[in-house]
Amino acid sequence: MLEAWTASPARFREDANAEEELVRGGYRDRLVVELAQNAADAAARAGAPGRLYLRLETATAGPATLIAANTGAPLDAAGVGSLSTLRASTKRTGPTVGRFGVGFAAVLAVSEAPQVHSTTGAVGWSTEFTRDAIAAVPELAAEADRRRGAVPVLRLPFEVAGQPPDGYDTAVVLPLRDAAALDLVTRLLAEVDDALLLALAGLDAIEIVTPDSRRELSAQRSGAWVTVRAGARVTRWRTVHRSGELPAEVVAERPVEERADWQLTWALPIEDDRPAPLPDTVRPVLHAPTPTDERLDLPALLLGSFPVDSSRRRVAPGRATDLLLDAAAEAYADLVAALAGAVGPAAAALIPGPVGVGEIDAQLRRAILEKLADRSFLPAADGGLPLRPRDAVLVADCGAELTEVLSPVLGGLLPPGWPSSALTRLGARRLSLAEVVDELAGIDRPPAWWRSCYSAVDGGDREALRGLPVPLADGRLVRDPREVLLPGDVDAQTLSALGLRVAHPEAVHPLLERLGARPATAEAVVDHPAVRGLVAGLIGGYPEEQQAVAEALLTLVGAAPWATRPWLAELPLPDVDGELTPAGELLLPGGALVDVLEPDALGVVDEKLLERFGPDALRAVGVLDSFAVVQDTDLPADPECADHDLDGEEEWLAAVAAAAGSGGPAIVVVFSAVRDLDLVAADRWPAALALLSGPDLRSLVTEPARVRRADGRGAELPSYTAWWLGEHPVLAGRRPRDLRAPDADLVLHGLWDEAPPGLDLFFARALGVRTGLAELLDRPDGPSELLARLADPGRHVGRKQLGVLYRALAAVAPERVPEQDYLRVPDGPRTRVVPADDVVVVDAPDLLALCADVALPVAVELAADLAEVLLLPLASERTPAPVLDAGEPVPVPVTVRDLLGPRCPAEYVEHETLRVAGPDGPVEVDWRWVGGHLHAATTRGLAFGLAWAAGAWERRWLVCAALEDPEQLPAALDEEDLTPRV
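These figures come from a predicted structure and were not determined experimentally.

J.: Can you walk me through the sheet that holds strand S37 (residues 907-910) in this structure?
T.: Sheet strands pair by backbone hydrogen bonding; their relative direction is either parallel or antiparallel. The four strands are arranged S36-S37-S41-S40 in an open sheet whose pairing can be described as mixed. The open sheet terminates on both sides in strands that have one partner only, identified here as strand S36 (888-891) and strand S40 (927-930). Strand-to-strand twist of the sheet, defined as the mean angle between neighbouring strand axes without regard to direction, takes the value 30°. One ladder, built from four bridges, connects S36 with S37; its direction is antiparallel. Bridging from a neighbouring strand, Val890 pairs with Tyr908 of S37. Packing against the sheet, helix H33 (residues 939-949) makes contact with S37, S40 and strand S41 (933-936), and its axis sits at approximately 25° to S40.

J.: Could you clarify how one ought to interpret the pairing of strand S8 (residues 214-222) in this entry?
T.: Consecutive side chains along a regular strand alternate between the two faces of the sheet. Judged from the five bridges that link them, strand S7 (residues 203-209) and S8 form a sheet pairing that is antiparallel. In the sheet register, Ala205 faces S8, and the bridge partner there is Ser218. What sits between the antiparallel neighbours S7 and S8 is a turn of four residues. Adjacent in sequence and paired antiparallel, S8 and strand S9 (residues 225-230) are bridged by two residues, among which Gly223 carries a positive phi angle near 60°.

J.: Just to check I follow, could you spell out unusual backbone geometry for this structure?
T.: Glycine aside, negative phi is the norm for most residues, and most peptide bonds take the trans geometry. Located in the positive-phi region is Asp634, a residue other than glycine, with phi close to 50°. The topology assignment puts Asp634 in strand S26 (residues 629-636). On the basis of relative accessible area, Asp634 is assigned to the partly exposed category, the value being 43%. Positive phi values are uncommon outside glycine, yet Ala881 reaches one of about 50°.

J.: Sorry, what's going on with the environment of Arg295 here?
T.: Tracing the backbone through its elements, the reader meets Arg295 in strand S14 (residues 291-295). Judged by its relative accessible area of 52%, Arg295 is exposed. A sequence separation of twelve residues divides Arg295 from Arg283, and the C-alpha atoms of the two residues are 8.6 Å apart. Here Arg295 is in contact with Pro284, Val285, Val357 and Asp361, once residues within four sequence places are set aside.

J.: Would you mind showing me how to read the layout of surface pockets here?
T.: Over the atoms, a rolling probe the size of a water molecule traces out where space has been left empty. The volume enclosed by the largest pocket comes to roughly 1,200 Å³. Lining the largest pocket are 37 residues, with Pro566, Ala569, Ala628, Val629 and Arg675 positioned closest to its centre. At three residues, S26 tops the list of elements feeding residues into the lining of the largest pocket. Residues that form the lining of the largest pocket fall into these classes: 18 nonpolar, seven polar and twelve charged.

J.: Looking at this model, I keep getting lost on the sheet that holds strand S27 (residues 667-674). Mind explaining?
T.: With antiparallel pairing, four strands are arranged side by side in an open sheet as S26-S27-S28-S29. Bordering the open sheet on either side are S26 and strand S29 (714-717), each of which pairs with just one other strand. The sheet shows a mean angle of 25° between the axes of neighbouring strands, taken without regard to direction. Bridging between S27 and strand S28 (residues 705-708) involves two bridges; their strand directions are antiparallel. Bridge assignment links Val668 to a residue of S28, and that residue is Val707.

J.: Can you walk me through the packing of aromatic side chains in this structure?
T.: Both the distance between ring centres and the angle between the ring planes are used here to describe each pair of aromatic rings. Taken as a whole and assessed by the stated rule, the structure comprises 14 aromatic pairs. Between Trp652 and Phe671 the ring centres are 5.6 Å apart and the planes differ by 35°, which places this aromatic pair in the tilted class. On the criterion of sequence distance, the pair formed by Trp652 in helix H22 (residues 649-660) and Phe671 in strand S27 is long-range, its members being 19 residues apart. The burial state of Trp652 is the same as that of Phe671; both residues are buried. Ring pairs connect the aromatic residues Trp927, Phe944, Trp948, Trp953 and Trp957, which therefore count as one cluster.

J.: Explain the pattern of salt bridges here, please?
T.: Between side chains of opposite charge, a pair can form as their charged atoms come close. A full pass over the atoms with the stated rule returns 55 salt bridges. When the shortest N-O distance is used, the salt bridge between Arg735 and Asp738 registers 2.9 Å. The residue Arg737 makes a salt bridge to Glu785 at a minimum N-O spacing of 2.8 Å. Placement of Arg737 in the loop between helix H25 (720-726) and strand S30 (739-740) and of Glu785 in helix H28 (residues 782-790) is noted, with a sequence separation of 48 residues between them. Taken together, the salt bridges that share partners define one network made up of Glu727, Arg735, Arg737, Asp738, Arg770, Asp781, Glu785 and Arg789.

J.: Is there a simple way to think about the packing of helix H10 (residues 319-343) against helix H11 (residues 359-373) in this case?
T.: The relative placement of two packed helices comes down to the angle between their axes together with the axis-to-axis distance. Orientation of H10 relative to H11, taken along the N-to-C sense of each, is 50°, at an axis distance of 8 Å. One way to sum up the angle between H10 and H11 is to call them oblique. For the pair H10 and H11, the crossing hand works out as right-handed. Residues Thr321, Asp322, Leu325, Asp326, Ala328, Ala329, Glu330, Tyr332, Ala333 and Val336 of H10 pack against Ile360, Gln363, Leu364, Ala367, Ile368, Lys371 and Leu372 of H11.

Criteria and cut-off values
Every residue gets a number counted from 1 within its own chain, in the order that chain's sequence is written. For a predicted model such as this one, the threshold for reporting local features is a pLDDT of at least 70, and the threshold for listing and counting side-chain atom pairs is 80 or more; totals across whole chains, interfaces and linings nevertheless cover every residue. The basis for every side-chain value is the complete set of heavy atoms in the structure, and neither hydrogens nor water enter the calculation. By the convention used here, strands pair only if DSSP detects at least 2 bridges between them. Only DSSP runs of H or I with at least four residues qualify as helices, and only runs of E with at least two residues qualify as strands; both kinds are numbered from the N terminus onward. For helices, the fitted axis covers only the stretch in contact; all axes are lines through C-alpha atoms, and the angles between them, taken along N-to-C directions, range from 0 to 180 degrees. Whether two residues are in contact is decided by their heavy atoms, any of which lying within 4.5 Å being enough. Each residue gets one of three labels from its accessible area relative to the maximum for its type: buried under 20%, exposed over 50%, partly exposed in between, using a 1.4 Å probe on protein chains only. The method works on a 1 Å grid over the protein atoms by themselves. A cavity is a set of points holding a 1.4 Å probe that cannot get out, a pocket is an open set with protein on both sides within 12 Å along at least five of seven lines, and residues with an atom within 4 Å of a point line them. Grid points are joined across faces, edges and corners, and a volume is the space filled by probe spheres set on the points. Think of it as three bins: nonpolar holds Ala, Val, Leu, Ile, Met, Phe, Trp, Tyr, Cys and Pro, charged holds Asp, Glu, Lys and Arg, and polar takes everything else, Gly as well. Stacked, tilted and edge-to-face are the three classes assigned to paired rings of Phe, Tyr and Trp, where Trp is represented by its six-membered ring and a pair needs centres within 6.5 Å; plane angles under 30 degrees give stacked, over 60 edge-to-face, the rest tilted. A pairing counts as a salt bridge when a side-chain nitrogen of Lys or Arg comes within 4 Å of a carboxyl oxygen of Asp or Glu. Note on angle classes: values under 35 degrees are labelled roughly parallel, values over 145 roughly antiparallel, values of 65 to 115 roughly perpendicular, and the remainder oblique. By definition, any crossing whose near helix is turned counterclockwise from its far helix by less than a right angle is left-handed, and any crossing with a clockwise turn is right-handed.

Structural measurements only, silent on function.
What follows is the structure, given as structure tokens:
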């Protein structure tokens, strides 16, 4: 070698650079791995179990030393040559793992004077020896200087003295360079773990001795199992081995001296017969076969003869790697399949996820998932042949009971416990409970099997079970238990007549009732949706079917304690003439309603039905012995929504809408109305009213309809029944609203005729009979009706009575009173009716003489309100009547001022003649109070004006007497004191 360097100094530089690259690069922390690999190779060459002994010695003086002794074939001349060359290994054949002949270079990371002691001799290398050897060659010495003394170490071996420890054949002795080297060796020795024994099958034991500790690791191999003991820790590994040769076209891509055969191993830790996580001490990387930097995130170790780059840290890309990864995936699938039969669902933990931690890991995962998807390794729940994942079915929350039930009918079903997340990645089908229900829809199984099925799914999601099939007593299979009856009290003949679905007795389970099936009680049968639909479609059907359904329902409701179902009124029944008629349009023979309605207004039910089923059953299906009632909710107050076939319903809804006011549609919250009022015979109303005022129907008249306005506010208005009765001549041939009660307010006398005696006043008031003024004005149309009756010239109304009525009208909201064409006004002690356009409301007494129109005098505090309600002008606004003549101010007598109080004016304006501007010119008057001044031309006018101005209008005649004859005032005052006070 020295001659070669001398002949070519460039070769010297190449060897120095190559060795330095290995030591500082990929081999800087692979010392222990490479020593173990050499030990395994030596054991393989000797054909005996290999042992490796690693001892770290430290000394107070001199460097620390690492000794690596091994059993096996001793060092020979070829071996020395291999150790002293780069990339020219002697390991061309045999079960060794080295390839490039560079592994021994790892010793240079910690030592500058490595030695190998063997039973056949000893050899060493040294930086110092190399420097001395090249010192005589000027060109090489100059190159070493330029490299600051860095020279190749492992190219010039020299003989040394030494023997391996007892019991070992070879020892590598490494004096450590410095403290950093000691730290590195200490760390590498501590990192020795199971993976080293698994990767190097030639090694059976490793002993590690340091100044502080002693550790032993051993491997016991038995077929596919390797048991590694590391002190007190024992780990069992399940292994799978594969080997083969690379095809020629693949070998052509690799270096010439790289071997064509390959091998790989998967090692899976097993604990308690189940896959366990990798020990914390084992790095999760690909071993080729010693550790690389290729991370794997799989639960097993992969060790194999993967091609690596010169650093031996990265797998070299190419077809050789692809082939080995594919073989590794196949072997991994074999491992999963082998364990699946032994550990069951625990094997699913071996199925890799879809995301890799690196390129190699991702490629390996994809290949494993692809091969497992087509591998028949999953146990079938029915005990049949193993299943491929793509053929397997998983059911959510499927326990042992449900599995036992489903396995005969659901192909590919897996036993309980297999996780869906892993298997669905392999193509397994996961069914929800609702999908299982769909799968069951078409199967044919005995009723008892279905009961077992219900027991197995009991407790599952109710919504998912809604479509659960149910076998019927007639042999059919239907879905949705809500449409099914369970065998109960009702006999089969009745159920058959109604065409109902009844579950087979052997299939009955409590779950069906929880899902909506109901026992076949009489009430449940009648309330079944199918029965209601059947009744609705009977009119126009076959007589035989109609008769069978009618008899079945009459039987069911005959002795039932529950309420009548309104829709049963559609049930066709024969009348006395044999014609089929809806029950709700038939009368009960001898019932109260028969003698109330017009003859032949409604049919009478066949008496044979009455004899056979009794009156209670006929009433239950809607046959009438009293008035029928129509009910609804949230009915819009709109005539177009009148669809209950009631007389005058459109008019009533229009009246409700008008009373509710504008702003949007009003809603009748609860609509209850008596039907067939228009069919009552005119001379039978006393009997009809007796029925209506009875306990069953009375509230439909007396209770108002609750109305919700568009703005959310509520209102109570007369019900339809009360409204209809009030609008028709039901009381002695008169409309109730045209009559007053005998003891009604006196102010209503003359306007309404007296009702017949003996009325139930509360009931009569609901019909519209008038009982009082306040009650009248509270009704929506009360103010309008009162004014209409006042405008009737044929009515007798006194002046005082009219004043009371107008006072009450003044308090009504103006929007409730429509404009009137005619009004009643005072006329002396009586009253008369005049056109409304001629009337003016007089709000001051001094304006009476000025009114060209018909005067309606009212108290001043009511005038403005009444004028607004009646849409009339005020006299004070229409006729200002200013004073036209001048007068003289005159003091008011003290006697009068004392009589009228502090509001009495202190003076007035006296006129010989007092004229004011009237509508048609000047008008002569007695007095005028205008602009806060009193003008008077006569004693009477002065008295009246002072009383008005002082707010004591009732004392005007007393003031007049005091002005005309003051001496008579004391007597007049005494007489006034005797006046009764109201």
